[in-house]
Amino acid sequence: MFDADFHRDPYQVFDRLRSQSPVQRVQVSSRGHHAWLITGFAQARAALADPRLSRDTRRFGYLFGNRRDIAPAIQATMLATDPPDHTRLRRLAAQAFTSTAVDRLRPRIQQITDQLLETIAPQGAADLIAEFAVPLPVTVICELLGVPENDRPQLRYWSDTLFTTADATVRDEASHYIADYMTALVASRYHRANRSPAPPGEDGDLLDTLIAARHSGDRLSQEEVVSLAALLVIAGHETTTNLIGNAVLALLLNPDQQAAVATDPDLLAPAIEEFLRYDSPLGIATVRFTSEPVAYGPTVIPAEQIVMICIGAANRDPAYYPAPAALDLARAGGRHGHLAFGHGPHYCLGSVLARAEARIALETLLRRLPELRLDATPEQLVWRPSRMMRGLRTLPVRWHPRPF
Ligand code: HEM
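Cut-offs applied
Residues numbered from 1 in each chain as written. Predicted model: local features only at pLDDT ≥ 70, side-chain atom pairs only at ≥ 80, totals over all residues. Near = placed C-beta within 6 Å. Helix = DSSP H or I, 4+ residues; strand = E, 2+ residues; numbered from the N terminus. Nonpolar A, V, L, I, M, F, W, Y, C, P; charged D, E, K, R; others polar. Expected span 1.5 Å × (residues − 1). Buried ≥ 20, exposed ≤ 12 C-beta atoms within 10 Å, placed from the backbone. Contact = placed C-beta atoms within 7 Å. Pairing = 2+ DSSP bridges. Axes fitted to C-alpha atoms, helices over the stretch in contact; angles between N-to-C directions. Parallel < 35°, antiparallel > 145°, perpendicular 65-115°, else oblique. Left-handed = near helix turned anticlockwise from the far one by under 90°.

Attention now goes to the site of the ligand. Neighbouring the ligand are 26 residues; G236, T239, G342, C348 and G350 lie closest to it. Of all the secondary-structure elements, those providing two or more residues to the shell around the ligand are α13 (222–235), α14 (238–252) and α18 (351–368). Of the residues contributing to the shell around the ligand, the split by class is 18 nonpolar, 7 polar and 1 charged.

Listed below in structure tokens is the structure:
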């Protein structure tokens, strides 16, 4: 598991595992590490919301059995905490990602999308990952956080390295680069806020909002702002890039459905839910740890075990979806019918933003480059060598060159 063949087509492996048993212990590394893999929809949904499964890496990190030196700000983000710490952090962070907050961002997301397409439209060919699916969400989240433009490629590089390098030392280094960068950025904001606090009612950026966020007299410490900002910059673009890339590929391989959404953009909202289900951008959720024995059906996972919840597998469970391997943009099941944004207390904080970005990106792309086609065979496509992330490394496409 988790070799190049797995990255190309994880679903064969997932299907085989699920048909053997939707919950089972498997070897997950060549060094003999084992974990419990959940591949059934019902079991995955239950596990994602199960309080007996902890996300606390500080408490259970020893289960990895190797000495890792991930920066604390990256290792112990909100996503790696349990209630009540998690509840408190999430309440303070959530204020920035409401539907109203995202609605205010839509015109700017449209503008960034237009600018990117304006550059590539006359070319007639592009790698849609490097030239569109990466820069769009990176620009959105970095502008939100106030990360200067010149620093963004480096941040993106470290973030990608975190997920795709096989070298643990390089991964640890990348985590320290991101943590150090965010520490300096956040410190400069505190300095600025102390010198001249923003006048009441005046909008700062997201970092200012997080620094100022209060709930019932509570606020975030400086370390918590650093950790949250790092989480947001990573979570805020990696998966959205995968969603845009996977969705465009799915359409290019299904021209009848590409034509259907191109003619009727109202189909895009349900279509995006199907893209999220069909090729889930986060294939495997962040690892959990059993704090006590946990039974799912007849299978009991003992205490102190590593659990990997395979979102991509759950979203293709034939017990839940008829013909799960088929892309069906008209599939009934609705918006809440998949687990691509997780479930339970850690449900994706940025789901509204992600849906808005995907909607604007796909709608504009299909309208502006209607003859878009794949410039490679499916076998030639290279997928990111990541266990968690399900996304393309490159997506070569062609169209008739045209001014924007
Ligand atoms: C298509 C795009 C996205 C997908 C598929 C996605 C998926 C997910 C999933 C599955 C989780 C839960 C992980 C787990 O339980 O192990 C999660 C959590 C999270 N996501 Fe997203 N995400 C996306 C975009 C975003 C964006 C744009 C942001 C922020 C701007 C964001 C911020 C977060 C945060 C902060 C968490 C942690 C929430 C918590 O611990 O309570 N995500 N995401």
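A few words now on α18. Look at α18: 26 Å from first C-alpha to last across 18 residues, which is about the 26 Å you get at 1.5 Å a residue. Where α18 is concerned, the buried positions are L353, A354, R355, A356, E357, A358, I360, A361, L362 and L365. Where α18 is buried, its residues contact α7 (99–120), α9 (135–145), α14 and α16 (268–278).

This next bit is on the environment of D151. The topology assignment puts D151 in the loop between α9 and α10 (152–164). Between the C-alpha atom of D151 and that of H7, which follows or precedes it by 144 residues, the distance is 30 Å.

Across the sheet, which stays open at both edges, the 3 strands sit in the order β4-β12-β11 with antiparallel pairing between neighbours. Two strands close off the open sheet at either side, each with one partner strand: β4 (125–127) and β11 (373–374). Relative to strand β12 (residues 396–398), β11 is paired through 2 bridges, and the arrangement is antiparallel. Each bridged residue has a counterpart across the sheet, and for L374 the counterpart in β12 is V397.

Moving on, we get to α10. Here α10 contains 13 residues, and its C-alpha end-to-end distance of 18 Å stays within 8% of the 18 Å for a straight helix at 1.5 Å per residue. Restricting attention to buried positions, one finds in α10 the residues L155, R156, W158, S159, D160 and L162. Of the surrounding secondary structure, the elements contacted by the buried residues of α10 are α9, α11 (168–195), α13 and α14.

What you see with strand β10 (residues 306–309) is no split at all: I306 and M308 on one side and V307 and I309 on the other are buried throughout. Pairing geometry for strand β2 (residues 34–38) and β10, over 3 bridges, is parallel. Within β10, the position partnered with I38 by the bridge is I309. Of the pairings in the sheet, the one linking strand β7 (residues 288–290) to β10 comprises 2 bridges and is antiparallel in character.

Quick look at the packing of α7 against α9 now. Following both chains from N to C, one finds α7 and α9 inclined at 140°, their axes separated by 10 Å at the closest point. Classified by the angle their axes make, α7 and α9 are oblique. Relative to α9, the crossing made by α7 is right-handed. Contact residues: α7 offers I109, I112, T113 and L116, while α9 offers P135, L136, T139 and V140. Residues of the contact of α7 with α9, tallied by class, amount to 6 nonpolar, 2 polar and no charged.

Strand order in the open sheet formed by 5 strands is β1-β2-β10-β7-β3, and the pairing between neighbours is mixed. Since the sheet does not close on itself, it has two edges, and those belong to β1 (23–27) and β3 (53–54), each with one partner.

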